[in-house]
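One letter stands for each residue in the lines below.
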Amino acid sequence: MKRLMTDINLIVCFLVFAIIILVLFFRMDDGNIERPVIDITNGWVYEDGSSVDLNDVRESDNYMSIHRTVTREESASGSLCFISRDCFFYIYLDGQIIYDFHPFMTPLYGKYYGNYIHTVNIPGVEENSDLEIVFDVLRYDHQPLFENMQITDSSSYIGKILSGNFGSFQVSFLVFTAGIFLVLLGFAVDIRSERLAETVSLGTLIILLSLWTNTGTYVFEAVYGNSAIPRVLEVVSLMLLPIPAMIFCAVYTGHMNSILVKIELLLSMVNIAAVFFMVLTGRKDYSDMLIFTHLVILTGMAMCAYMVFKGMNANKTKDRRYIFLLVSFGILVLTGSADMMRYYTGNEGDVARVTRIGLVFFTVILTLYEIQNYMEMSKKGMEAELKDRLAHIDSLTGLPNRLAFNESESEIKASGKGKYIFVQFDINYLKQVNDNFGHKEGDIRIKAAADVIKGSFGKFGECFRIGGDEFFSILGGDDPVKDMDEAIKLFKELIERYNGEYKHEVPLVIAYGHAEYNAGTDDPEMVEQTADQRMYDNKRHLKETL
């Protein structure tokens, strides 16, 4: 039955996964007639009539203007759609302004806004009209100011951009989810363990990497209409990367107290403070300070490599922990270095294209490793719990044993408050049963006594088997005296019921004695002695009356 339930759950999970795949990767044909796509990247001229190459617009200290003729057929084909990069501009049609792009840039955004998707409605014209863009360049970095310029349906244009980058976004999103999972797993399982820092720092590192590699997907730009926010998120996540990376590596390799960790964390904090100071005061932009962030990251890479190799040499064995770490970080470092080289050689499009691939391997390898560790820890924990339970449980009766009693009594004594009733028990005639009927029959009496004591005093407190035929009960609560009276009544009823049912030649007789213990004032050993003495008094009384 359990296997059937498991199979049903697996089928449900498979169906959900299949539906997600269908939703994400297959598009429904809505039956609409698509408008033609007119590429207008060519045909632009400067004021002097010279041809414009949108991939290499001429530099000028003043406003610049480029023109293009728009026909009636073109204006009827949809909106003017394009991507701008770090420039402000106006768009005119026959001298009339139809679009103004001068977004408000708070100091937090820096000096530039990055890439922005525009869809500009072009009024219908009866004859050829002059389309003019007057722009102010914020920075020249040999990147196109205007890309992918078309006249087409605006929703189709944005849809194609998003669908073309959706795979990259999915990768980043799934990696982000894995990071969140690791952070939650760490707090759920390792809240009191030294491994908490390792798991949480790994999850945080993966989250930051996923945010950084999400750049260039245009999802945030399209959804929120603000390209500056993902740009800030990109640089901030990059600045924060060395912190969880260094902590994870230090905990993983056992070098948490190393001076290298303190140095790298200090460098990261100084870099973050310096970058925000320069940006918020308007002195520099994030991109101007990026070289310092890269230097901090490279320094951290070198320190992590040193700790890994030092840990491997100290271990002197091929510990699979280091194999996992070397492979995963090696892939990430190589792919990250490749993107860094692409950035400094002028490729600022999708700056995380290669790293995104390495990040998938990094996340999968270390996430699987962490999950495997947790499974092993869970297994060891269950084994330890079982061993601890066996060490505290009497095998014959199933009651807590003498060790458990000593620990419980110590806890009560340490609490220093509360009123308790200590009850001592002893089985009468057990030696007679063992001598005449054998120890097997004696064990039956012991188990029967345990059931009686547990069925009566166990309803109000704890019960223990502290010796061969000796038992003990501790009653606490709001009114232990009242509980004692009810337990005694039930205790006698159960003994009478047992003897009436089994009719042994030697009946079950259990002597008891109790004494009151006030935590914080009484000596528990003295109270035990009092209960023990009263138990022997009851034992003699029972022998005289039976």
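Please read these numbers as outputs of a predicted model, since none were measured by experiment. (Residues numbered from 1 in each chain as written. Predicted model: local features only at pLDDT ≥ 70, side-chain atom pairs only at ≥ 80, totals over all residues. Heavy atoms only, no water.)

(A) Broad picture of the overall build of the protein. Helix and strand counts for the protein come out as 16 helices and 13 strands. The burial tally for the protein puts 45% of its 546 residues in the buried class. Across the protein, every contact between residues at least 6 apart in sequence was considered, and the portion connecting residues at least 24 apart equals 74%. Total accessible area computed for the protein in this model is approximately 29,700 Å², and 59% of it derives from carbon and sulfur atoms. (Helix = DSSP H or I, 4+ residues; strand = E, 2+ residues; numbered from the N terminus. Buried < 20%, exposed > 50% of the residue type's maximum accessible area, 1.4 Å probe, protein only. Contact = heavy atoms within 4.5 Å. Areas by Shrake-Rupley, 256 points an atom, 1.4 Å probe, with all protein chains shown as cover.)

(B) How the structure looks around empty space enclosed by the protein. Inspection of every chain in the model, using the stated rule, returns one cavity of 30 Å³ or more. Here the largest cavity defines a volume of roughly 40 Å³. Lining the largest cavity are V235, L238, M239, V275, Y286, M289, L290 and T293. At the level of elements, α6 (228-240) and α9 (290-315) are the ones that each hand at least two residues to the lining of the largest cavity. Per-element tally for the lining of the largest cavity: the top contributor is α6, with three residues. Of the residues contributing to the lining of the largest cavity, the split by class is seven nonpolar, one polar and no charged. (1 Å grid on protein atoms, 1.4 Å probe; cavity = no way out; pocket = protein on both sides within 12 Å on 5 of 7 lines; lining within 4 Å. Points joined across faces, edges and corners; volume = space filled by probe spheres on them. Nonpolar A, V, L, I, M, F, W, Y, C, P; charged D, E, K, R; others polar.)

(C) Examining the side chain of S84 more closely. Relative to the elements of secondary structure, S84 occurs in strand β4 (residues 79-85). Overall, the relative accessible area of 0% leaves S84 in the buried class. A polar side-chain atom of S84 sits 2.6 Å from a polar atom in the side chain of H118. Beyond its immediate chain neighbours, meaning those up to four positions away, S84 contacts F89, F101, Y113, G114, N115, Y116, H118, L145 and F146. (Polar contact = N/O pair within 3.5 Å; in protein donor to acceptor, adjacent residues only side chain to side chain.)

(D) Expanded view of the nonpolar core. Residues W44, L80, F89, I133, F135, F146 and M149 are the most contacted members of the largest nonpolar core, which totals 42 residues. Those elements giving two or more residues to this core turn out to be β3 (64-70), β4, β5 (87-93), β8 (129-137), β9 (146-152), α6 and α8 (259-280). In terms of residue count, β5 provides more of this core than any other element does, five residues in total. Look past the residues within four positions of I133 in its chain and what remains in contact with it is W44, M64, S65, I66, F89, Y90, I91, F146 and M149. If you look at the next biggest cluster of nonpolar residues, it comprises 33 residues, including A250, Y252, I297 and M303. (Core = buried A, V, L, I, M, F, W, Y, C linked by side-chain atoms within 4.5 Å.)

(E) Inspection of the sheet that holds strand β6 (residues 96-101) at higher detail. Here five strands make up an open sheet; going across it, the order is β2-β3-β8-β5-β6 and the pairing antiparallel. The open sheet is flanked by β2 (45-46) and β6, the only strands paired with a single partner. For β5 and β6, the ladder comprises five bridges, and the chain directions are antiparallel. Counterpart to F89 in the pairing with β6 is F101. (Pairing = 2+ DSSP bridges.)

(F) Focus on the pattern of salt bridges. Counted under the stated rule, the structure contains seven salt bridges. Across the pair R231 and D285 runs a salt bridge, and its minimum N-O distance is 2.4 Å. Of the two residues, R231 is situated in helix α6 and D285 in the loop between α8 and α9; the sequence distance between them amounts to 54 residues. Among the residues examined, R231 registers a relative accessible area of 11% and is labelled buried. (Salt bridge = Lys/Arg side-chain N within 4 Å of Asp/Glu carboxyl O.)

(G) Geometry of the sheet that holds strand β1 (residues 38-39). Here we have four strands laid out as an open sheet, ordered β1-β9-β4-β7, and antiparallel in their pairing. The outermost strands of the open sheet, each flanked by one partner alone, are β1 and β7 (115-121). As defined by bridge partners, β1 adjoins β9 across two bridges and the pair is classed as antiparallel. By the bridge assignment for β9, D39 is matched with Q150.

(H) Layout of the state of the cysteines. For the coordinates displayed, the defined rule picks out zero disulfides. Here C304 stays free of any disulfide, with the sulfur of C249 as its closest cysteine sulfur at 3.7 Å. (Disulfide = S-S within 2.5 Å.)

(I) Main features of unusual backbone geometry. In the Ramachandran plot, N148 falls in the positive-phi region, its phi being about 50° despite a non-glycine side chain. Tracing the backbone shows N148 in strand β9. In this structure, K503 is a non-glycine residue whose phi angle is positive, near 50°.

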